[in-house]
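Summary of structural features
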Amino acid sequence: MSADGMIWTGSANGSLAQWDGSGNRLREFLHHSSSVQCICNFGTRLWVGYMDGNIQLLDLEGNLLGGWIAHNSPILSMAVGRSYIFSLAGHGGIRGWNLSSPGPLDSILRSELIEKDVSYKNFEYMKVLVGSWNVGQEKASYESLRAWLKLPTPEVGVVVVGLQEVDMGAGFLAMSAAKETVGLEGSPNGEWWLDVIGQILKGHSFVRVGSRQMAGLIIAVWVRINLKQLIGDVDNAAVACGLGRAIGNKGAVGLRMRIHDRSICFVNCHFAAHMEAVSRRNEDFDHVFRSITFSSPSNVLLTTSVSGSAAQPLRGENGSRLPKLSDTDMIVFLGDFNYRLSDISYDEAMGLVSRRCFDWLRENDQLRAEMRYGRVFQGLREGEFKFPPTYKFDKHIAGLSGYDSSEKKRIPAWCDRILYRDSRASSDIECSLECPVVGSISMYDSCMEATDSDHKPVKCVFNLDVAHVDKQTMRQKYGEIMTSNKKVLYLLQGLEAFPEVNISTNDIILQDQNPAVVKLQNRSTEELACFEIIGQTPNSSGTPFSGFPSWLKVSPAVGIISPGQSVEVTLQHGQLRSQDYLSSTSGNSPGAGQEKDATLLVMVTGVYSTAMRDHKIHVKHGSRRDAFPSSGYNFADRFFG
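Residues numbered from 1 in each chain as written. Predicted model: local features only at pLDDT ≥ 70, side-chain atom pairs only at ≥ 80, totals over all residues. Heavy atoms only, no water.

1. Regarding the overall build of the protein chain
Counting secondary structure elements, the protein chain contains 12 helices and 32 strands. Within the protein chain, the fraction of its 641 residues that count as buried is 52%. Across the protein chain, every contact between residues at least 6 apart in sequence was considered, and the portion connecting residues at least 24 apart equals 65%. Counting only carbon and sulfur atoms, one obtains 49% of the accessible surface of the protein chain, whose full area is about 29200 Å². (Helix = DSSP H or I, 4+ residues; strand = E, 2+ residues; numbered from the N terminus. Buried < 20%, exposed > 50% of the residue type's maximum accessible area, 1.4 Å probe, protein only. Contact = heavy atoms within 4.5 Å. Areas by Shrake-Rupley, 256 points an atom, 1.4 Å probe, with all protein chains shown as cover.)

2. Here we look at the pattern of salt bridges
For the structure shown, the criterion picks out 20 salt bridges. Linking R417 and E382 is a salt bridge whose minimum nitrogen-to-oxygen distance equals 2.8 Å. Of this pair, R417 sits in strand 20 (residues 416-421) while E382 sits in strand 19 (residues 381-382), placing them 35 residues apart in sequence. Given a relative accessible area of 0%, R417 falls into the buried group. Among the ionic contacts, a cluster of salt bridges with common partners joins R245, R280 and D284. (Salt bridge = Lys/Arg side-chain N within 4 Å of Asp/Glu carboxyl O.)

3. Comments concerning helix 5 (residues 278-291)
Side chains of residues three or four places apart in an α-helix project in the same direction, reflecting 3.6 residues per turn. The end-to-end C-alpha distance of helix 5 is 20 Å, a good match for the 20 Å that 14 residues give at a rise of 1.5 Å each. Of the residues making up helix 5, those classed as buried are V278, R281, N282, D284, F285 and V288. Buried residues of helix 5, seen end-on, are gathered within an arc of 155° and therefore sit on one face of the element. Relative to its buried face, helix 5 has exposed residues pointing more than 90 degrees away, namely S279 and R290. (Expected span 1.5 Å × (residues − 1). Arc of directions from axis to C-beta.)

4. Structural notes on the nonpolar core
Core analysis: the largest hydrophobic core is formed by 48 residues, its most contacted members being V130, F266, V332, L361, I418, F462 and L464. Beyond its immediate sequence surroundings of up to four residues, V332 is in contact with V130, C265, F266, V267, I418, L419, Y420 and F462. Listed in part, the 26 residues of the second largest apolar core include V135, L149, L151 and V159. (Core = buried A, V, L, I, M, F, W, Y, C linked by side-chain atoms within 4.5 Å.)

5. Observations regarding the environment of L601
Here L601 lies in strand 31 (residues 595-605). For L601, a relative accessible area of 11% puts it in the buried group. With 12 residues separating them in the primary sequence, L601 and R613 have C-alpha atoms 9.8 Å apart.

6. Notes on the confidence of the model for the protein chain
The share of residues in the protein chain with pLDDT of 70 or more is 86%, and the mean pLDDT across the chain is 86. This model gives residues 577-592 a pLDDT under 50, and the stretch forms 20 contacts once residues within four places in sequence are excluded. A low-confidence stretch, residues 625-641 stays under pLDDT 50, and its non-local contacts, those more than four residues away or across chains, total 15 contacts. (pLDDT = per-residue confidence, 0-100.)

7. Some points on the sheet that holds strand 5 (residues 45-50)
The strand order 4-5-6-7 describes an open sheet built from four strands, whose pairing is antiparallel. Every other strand in the sheet has two partners, leaving strand 4 (36-42) and strand 7 (64-69) as the edge strands with one partner each. Each strand of the sheet is rotated relative to its neighbour by a mean of 20°, with strand direction disregarded. (Pairing = 2+ DSSP bridges. Axes fitted to C-alpha atoms, helices over the stretch in contact; angles between N-to-C directions.)

8. Examining the packing of helix 1 (residues 104-115) against helix 10 (residues 486-496)
At their nearest, the axes of helix 1 and helix 10 sit 10 Å apart, and the two run at 155° to each other. Classified by the angle their axes make, helix 1 and helix 10 are roughly antiparallel. You can see that helix 1 and helix 10 cross each other, and the crossing is left-handed. On the side of helix 1, the interface is formed by P104, L105, I108 and L109, while helix 10 contributes K487, V488, L491, L492 and L495. (Parallel < 35°, antiparallel > 145°, perpendicular 65-115°, else oblique. Left-handed = near helix turned anticlockwise from the far one by under 90°.)

Below you can see the structure in the form of structure tokens.
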């Protein structure tokens, strides 16, 4: 129940419904698509907690006032205390949010914290090695793997590997699709690849922190043991792009994680094949980008009660929710994108390859052309590459003479690529808390020594500058601002205050069925007043319990009083309930000729603080037997009426 007496319910599809006290459905609202887990009301606002960790703030008319990602797991419950609303998440975390957010207090706190960010912002530098290989259903030799995954520098702290065509064939793909529907994944070949790569990296003190397989696609991440504590919230996802967008022979698998509290996502893709399927490849990318879904949100707020609703989910111009990949601080796409070389013959391409004239060949690259026209990988960029085309090779033949010698004579192409997008809107922006992840490429190359597949593996080394918050120091600064900043203290004092409400009478005597009226007057000319009336009735043992006695009706029992206005509360004798009638026959109920009395508490608060003042009202009623009808009486009405 909200402060105006309405009832609010939430549904699994994210919708909210408003009902009146008689059970009439008044309106329905849909501001978010995740399942509603809890609703909390205080004053003129509703807080709604969702399965995906979001909180949304509504007014009592159902209008959306704000929203933010509060936790990276479902919000189980919310409760109000002092001037805060506290949220409890499924992983056990609790966070507090000021009842006045969003509001002037947020702006002051934000500006003050920005001025002090030198004391709590940190910068970290690390290298990430990303590798991609279409293995053509083969198992690579140890020498090929070592050549491909050789660490160029000891500064590499994270290794990301994406494989395509680990397993293929109609039977396997059908089995894989069936497994996906019940949440299973993996294959013996996939486990072999993960084990053998893990053994190579284990010698460099790496441990695997996450992996995902869908059909022939695998992505996995290893980190150095000394950096493992900096990695968190590892999550995975998969999107099929094959037949009917259901078969995983084409598609993507993704891993998302937190590195120094920043969200970074790696997506391994395998798009449509064949020279002419450019549009289909573009569609595959678009489907992956818009459809890939992780089990938890990415941009979890890093502080408690600091920025209120500042971190709102990204939305498009029409208010629609943007794809989840838009929320990440950095994203890397890798894989066999299958873009080819257009408008060039096999002999022309081979002539340029033999002379290592790769710059000329790149002019015919379909991917570069499609990106230039803004049709695919929008907002992403690629490092400069000077390595030979990575497709198509005869297996177990080294060097540039190993390109396809079959009758088909497939034209060489850079099918295997690595692209990325960091936090920067433009290349001249430096790393900061507002632009937390800035990446550059120190190496982008292929491994020509690997001859186990018709593709050559590629690898890219990213230099990452990551800005992050020392949360303990930031909370300390936040506490100092809350206790010493004069503007903040002034606003907090105002929030703690609540309007004075006058009660017209403290003693009421009800005569028979005649109603009595109590007037509640809000003396404030600026602030709303919220009231709730509860009953204190003694039970048979003489101890009080909360609740109106069965013989008393109070309407309205909750409400909001505008500044300078009054509300009339009606108190009226109600009909006895069935149990009262039955007990009255044995003389234990306040029946005929007996006087009934009750104490009501009128609790008054403001809209931004739980500070409260209560007023007592004593109610008495003397009933007579002739108050009940002497004729036409239906005994069943006492039980069921």
